[in-house]
Amino acid sequence: MRRLLTVVVAGGLVAGGGWLTAPGAQAAPGAQAAPGAQAAPGAQAGPGAQAVQGAQALQGAPPAPGAQTIRGAQAVTGRANAQAAGILWGKCTDADLVKAKAQCAQLSVPLDYERPKGTTISLALSRVRHTVPDGKYQGVMLVNPGGPGGSGLALATLGGLVPKGAGNAYDWIGFDPRGVGASKPALSCSGDVTAYNRPSYVPVTAALEKTWRQRSKDYARKCAKAGGELLDHVKSADNVRDMDSIRRALGVQQINYYGFSYGTYLGQLYASRYPRAVRRMILDGVIDARTVWYRSNLDQNVAFDRNANIYFDWIAKNDKTFGLGRDGRSMGQAYYGLLAKLRKSPAGGVIGPDEVNDVVLLATYNVSVWPVVAAAFAALVRKGDSGPVKKLYDENYPQGAGSDNGYAMYLATLCTDARWPQDFDRWKRDAWRQHAKAPFVTWANTWYNAPCLSWAAQPGRPAEVDGRQAPPVLLISETLDAATSFEGALETRRRFPKAALVEGAGGTTHASSLSGVACVDNTVADYLERGALPARRPGNRSDRLCDPLQPPAANQPAATGPAPAADQKG
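If you're wondering where the values come from, they're calculated on a predicted model, not measured in any experiment.

Asker: Quick one: what's the story with the overall build of the chain, residue by residue and with numbers?
Answerer: Looking only at helices and strands, the chain has 16 helices and 13 strands in total. The burial tally for the chain puts 62% of its 570 residues in the buried class. When the accessible area of the chain is evaluated, it comes to approximately 20400 Å², of which 51% is carbon and sulfur surface.

Shown next as C-alpha cells:
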C-alpha cells in the first residue's frame, strides 16, 4: 500500500484523498502541534478516573468508576467532561490549532500492553471542544488520517467542515499514533529517502535491481538501529489498544470515531474488539481486511494504472488547455516516453522518471489536483520547464532530517501486522507480471515496500475483523478508489451487518468525504446529528449513490478544491 504524502497546490492544501493528513483538516502538512503542550505523565487524574500510565485496554472492560455513558444525544456531564481524566490539557503551538482554540497534551501508555508496568511511551493529543449547550453534547470523536504513519493532530479541527453544524456537538480528538509526529519517541531512519537522483524505479538492468535491493536493506537496517524495542510494538493492534487507552483517559465509556484510509482498518479492529465502546463510526476509503498487506499492494498496482489512464483521457479531452494531444492512449505513450528520456538526462539536473511518476501519482488519488499536475507536466513536455514539477515534488515529498517519519512508521506497522513473502524472487515475478500490463506504479510500489523483506521486528497475524456486535456504522467509498478498493468497502459492509455504504458513483478520489459533495457530506451530518443512515439495500451493493468529487476546470490549475485543507494514502 503505497503511502501518499500531503498534496499541496498553489500554497494551499487540497481536500480529500490521501494518507498523511486527512481530507478537510485545516493544518499544514506534518504540523507539529504538540511540542510545548502540557504533558500527561504524572498529572493528577480526576475522581474516579483510570490512571494513564500502565492503563490496560481490555475487551468489554467496564468503564472507569464515575465515567459517563453516552446514550442517544444525551450529554456527558460531570468532571469527565470538564477535564478529561488523567490528561492535563495545555496550549498548542500549531497556528491552525491555536486559531481553532484547540488544546494539546501528551498521554503516557505502555510500550508493551503485556507489560503494563514496564516502559512507557507518550501519544500527542489535540482537542477542539464542542460549542453546543451541554444538553446537546454528543461525546468525544477520535479521528485518524490513515497511513499508517499519518499525523492526526490537525484533525481536531475536522468538525468545522461537517454541514449543518453537526460537528459542533462533539469534542474532536486528534492524535499522533505511537511513533508518529509529536508522539514520543518518533521514529525516523534516514532523511534522504526522497532525495533527488534516485535510481529509476523500473529495474531494467541487473545493476538497477541490485541498487534498489541494497537501498531497501539499508533503510531497514537504519530503522532497526533507530527504532530498537519500539519496532516490536507498533502493530495495528497496538494502535487499537492506544485508542482505548485514550478513551479511558478521557473518562468516557464510549467513543465516536472518524477514520480515513488505513484509519478505517483501525476502526474495524476497534469495533471488533470493543463493540460496546463504540457509539458512532464513520469509515471513509475502506480497507479490505482480507488483503493485509502484500495482496493489497498488488491490487493497488492495477487500480492506480487504471486511474492513470482515466487521468490521461481527461488531459486529452482538455487539449486546448494543455496541448498534449487529443487521444488518451497517445498521452500515455508520451508519458512513458518522457520517463525513458529522463532516465538518461534528468530535467534541470534533478527531475528524473521517479520524480515525475511521484508527482503524477498525486492525480490518481484526488481529482482536485488534476489541473495543476497536468499543467506542470505540460510545462515539462512542451517547454522543457521542470520548475512546476519540482515545486510540486518538493511540497509533497519533503527531504531532510525527520522527513521520513511517516514512511518509517508506515513500514514499521505494515511490515509487522502480517508476514510478507520473504523470497524476493516472488516479489520480482509478481512485479514484472503486473508491470507488463500495469506499468504506472508497479515497480515504484514494490520498492516502497521492499524494506519489509529484511525488517528487524517479527511479524504477527492480522487481527480478526468481526462487526456483528458493532453498532450502525457509516461507510464511504468512491467506485474507482485505487488506494482502497470499492470491493473492500463491500466486504466491510458484509462484516458489519448494521453498516450502510455511500458510494461516490464512478469517482476515482480516495477518502473524499467533507470535500464539498453535498450528498456525501449531508449524509455524514445526518448520521452525526441523529444517528440516521441510508436504508440498507438487499444484495452486495452500496446503499446510497452520490455524485463523486469533481475536478476543477482544466483552465484553473491553481484551484485548491472545495476548501484549503490537508490531504491525506491509507
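Asker: Residue-level account of the pairing of strand S7 (residues 139–144), with values.
Answerer: Counting buried residues in S7 gives six out of six residues, a clear majority hidden from the surface. For S7 and strand S8 (residues 170–176), the ladder comprises five bridges, and the chain directions are parallel. Of the residues in S8, the one forming a bridge with Met141 is Trp172.

Asker: Give a description of empty space enclosed by the protein that names residues and reports values.
Answerer: When its volume is computed, the largest cavity comes out at roughly 100 Å³. Around the largest cavity, the lining is made up of 13 residues, and of these Tyr294, Asn297, Leu298, Trp427 and Thr446 lie nearest the centre. At the level of elements, helix H6 (294–317), helix H13 (424–437) and helix H14 (442–449) are the ones that each hand at least two residues to the lining of the largest cavity. A breakdown of the residues in the lining of the largest cavity according to their chemical character gives five nonpolar, seven polar and one charged.

Asker: So what's going on with the packing of helix H10 (residues 370–383) against helix H11 (residues 387–396)? Residues and values would help.
Answerer: In helix packing, the relevant descriptors are the interaxial angle and the interaxial distance, both defined with respect to the helix axes. One can describe the packing of H10 onto H11 by two numbers: an axis separation of 7 Å at closest approach and a directional angle of 135°. By the angle between their axes, H10 is oblique relative to H11. Listed contacts from H11 to Val372, Val373, Ala376, Phe377, Ala379 and Leu380 of H10 are Pro388, Val389 and Leu392. Class assignment for the residues of the contact of H10 with H11 results in nine nonpolar, no polar and no charged.

Asker: Tell me about the side chain of Asn405, and please be specific about residues and values.
Answerer: Relative to the helices and strands, Asn405 resides in helix H12 (residues 405–417). Residue Asn405 is classed as buried on the basis of its relative accessible area, which comes to 10%. Here Gly181 takes part through its backbone nitrogen, which lies 2.8 Å from a polar atom of the side chain of Asn405. Those residues in contact with Asn405 that lie beyond four places of it in its chain are Gly179, Val180, Gly181, Ala186, Leu187 and Ser188.

Asker: Please provide a residue-by-residue account of the layout of surface pockets, values included.
Answerer: Gaps left between atoms show up when a probe the size of a water molecule is rolled over them. Here the second largest pocket defines a volume of roughly 210 Å³. Lining the second largest pocket are 19 residues, with Asp299, Ala482, Ala483, Thr484 and Ser485 sitting closest to its centre. For the lining of the second largest pocket, the element with the most residues is H6, which contributes five residues. Each residue belonging to the lining of the second largest pocket can be placed in one class, and the counts come to nine nonpolar, six polar and four charged.

Asker: Please provide a residue-by-residue account of the state of the cysteines, values included.
Answerer: Scanning the model with the defined rule gives four disulfides in all. Between Cys415 and Cys452 runs a disulfide, and the two sulfur atoms are separated by 1.9 Å. Across the S-S bond linking Cys415 and Cys452, the dihedral sits near -85°, which makes this disulfide left-handed. Pair noted here: Cys415 is in helix H12 and Cys452 is in the loop between H14 and strand S11 (473–478), with a separation of 37 residues, a long-range link. Residue classification places Cys415 among the buried residues on the basis of a relative accessible area of 5%. Judged by its relative accessible area of 5%, Cys452 is buried.

Asker: Let's hear about the nonpolar core: which residues, and what values?
Answerer: Ranked by size, the top nonpolar core spans 153 residues in total, and within it Leu142, Tyr258, Tyr311, Val356, Val373 and Leu528 carry the most contacts. Per-element accounting of this core gives the leading share, nine residues, to H6. Ignoring any residue separated from it by four or fewer positions in sequence, one finds Leu142 in contact with Ile173, Phe175, Met243, Ile246, Leu250, Ile255, Asn256, Tyr257 and Tyr258. Counting residues in hydrophobic clusters, the runner-up holds nine residues, among them Ala102, Val128, Leu153 and Ala156.

Asker: Break down H10 for me, with residues and values.
Answerer: Compared with an ideal rise of 1.5 Å per residue, which puts 14 residues at 20 Å, H10 spans 19 Å between its outermost C-alpha atoms and is within 8% of the ideal. With 10 of its 14 residues buried, H10 lies for the most part within the structure. Turning to H10, its buried residues number three or more, namely Trp370, Pro371, Val372, Val373, Ala374, Ala376, Phe377, Ala378, Ala379 and Leu380. Directly beyond the C-terminal end of H10, a positive phi value near 70° is found at Gly384.

Asker: Before we move on, could you go through the confidence of the model for the chain and cite the residues and values that matter?
Answerer: On average, the chain scores 86 in pLDDT, and the residues at 70 or more come to 83%. Across residues 559–570, where pLDDT falls below 50, the model places 82 contacts with residues more than four positions away in sequence or in other chains.

Asker: Run through H12, naming residues and quoting values.
Answerer: Counted at 1.5 Å a residue, the expected span for H12 with its 13 residues is 18 Å, and the 18 Å between its end C-alpha atoms agrees. Among the 13 residues in H12, 13 count as buried, and that is most of the element.

Asker: Outline unusual backbone geometry, supporting the account with residue identities and numerical values.
Answerer: Here the bond from Gly147 into Pro148 is cis, since omega is -10°, no more than 30 degrees from zero. In this structure, Pro148 sits in the loop between S7 and S8. The omega torsion of the bond from Val292 to Trp293 falls at -15°, within 30 degrees of zero and hence cis. Even without being glycine, Ala511 reaches a positive phi, approximately 55°. Counting through the fold element by element, Ala511 comes out in the loop between strand S12 (500–504) and helix H16 (518–530). With relative accessibility at 2%, the residue Ala511 sits in the buried group. For Leu514, which is not glycine, the phi torsion reads 60° and is therefore positive. Mapped onto the elements, Leu514 comes out in the loop between S12 and H16. Exposure remark for Leu514: the relative accessible area of 5% places this residue in the buried category.

Asker: Got a sec to walk through the environment of Asp313? Specific residues and values, please.
Answerer: Along the chain, the position of Asp313 falls in helix H6. By relative accessible area, Asp313 is classed as partly exposed at 37%. Sequence separation between Asp313 and Gly325 is 12 residues; the distance between their C-alpha atoms is 9.9 Å. Once residues within four sequence positions are removed from consideration, Asp313 is found in contact with Gly328 and Arg329.

Asker: Go over the packing of aromatic side chains, please, and point to the residues and values.
Answerer: Describing an aromatic ring pair means giving the distance of the ring centres and the angle of the ring planes. One pass over the full model with this rule turns up 31 aromatic pairs. Taking 5.0 Å as the distance between ring centres and 25° as the angle between the ring planes, the aromatic pair formed by Tyr393 and Tyr397 counts as stacked. Overall, Tyr397 belongs to the buried group, its relative accessible area being 5%. Aromatic ring contacts, followed pair by pair, group Tyr311, Phe312, Trp314, Phe322, Tyr335, Tyr336, Trp370, Phe377 and Phe440 into a single cluster. Across from the ring centre of Trp212, 4.8 Å away, lies the NZ or CZ of Arg215, which sits over that ring.

Conventions we followed
- Residues numbered from 1 in each chain as written.
- Predicted model: local features only at pLDDT ≥ 70, side-chain atom pairs only at ≥ 80, totals over all residues.
- Heavy atoms only, no water.
- Helix = DSSP H or I, 4+ residues; strand = E, 2+ residues; numbered from the N terminus.
- Buried < 20%, exposed > 50% of the residue type's maximum accessible area, 1.4 Å probe, protein only.
- Areas by Shrake-Rupley, 256 points an atom, 1.4 Å probe, with all protein chains shown as cover.
- Pairing = 2+ DSSP bridges.
- 1 Å grid on protein atoms, 1.4 Å probe; cavity = no way out; pocket = protein on both sides within 12 Å on 5 of 7 lines; lining within 4 Å.
- Points joined across faces, edges and corners; volume = space filled by probe spheres on them.
- Nonpolar A, V, L, I, M, F, W, Y, C, P; charged D, E, K, R; others polar.
- Axes fitted to C-alpha atoms, helices over the stretch in contact; angles between N-to-C directions.
- Parallel < 35°, antiparallel > 145°, perpendicular 65-115°, else oblique.
- Contact = heavy atoms within 4.5 Å.
- Polar contact = N/O pair within 3.5 Å; in protein donor to acceptor, adjacent residues only side chain to side chain.
- Disulfide = S-S within 2.5 Å.
- Core = buried A, V, L, I, M, F, W, Y, C linked by side-chain atoms within 4.5 Å.
- Expected span 1.5 Å × (residues − 1).
- pLDDT = per-residue confidence, 0-100.
- Phe/Tyr/Trp six-rings, centres within 6.5 Å; stacked < 30°, edge-to-face > 60°.
- Lys NZ or Arg CZ within 6 Å of the ring centre and 35° of its normal.

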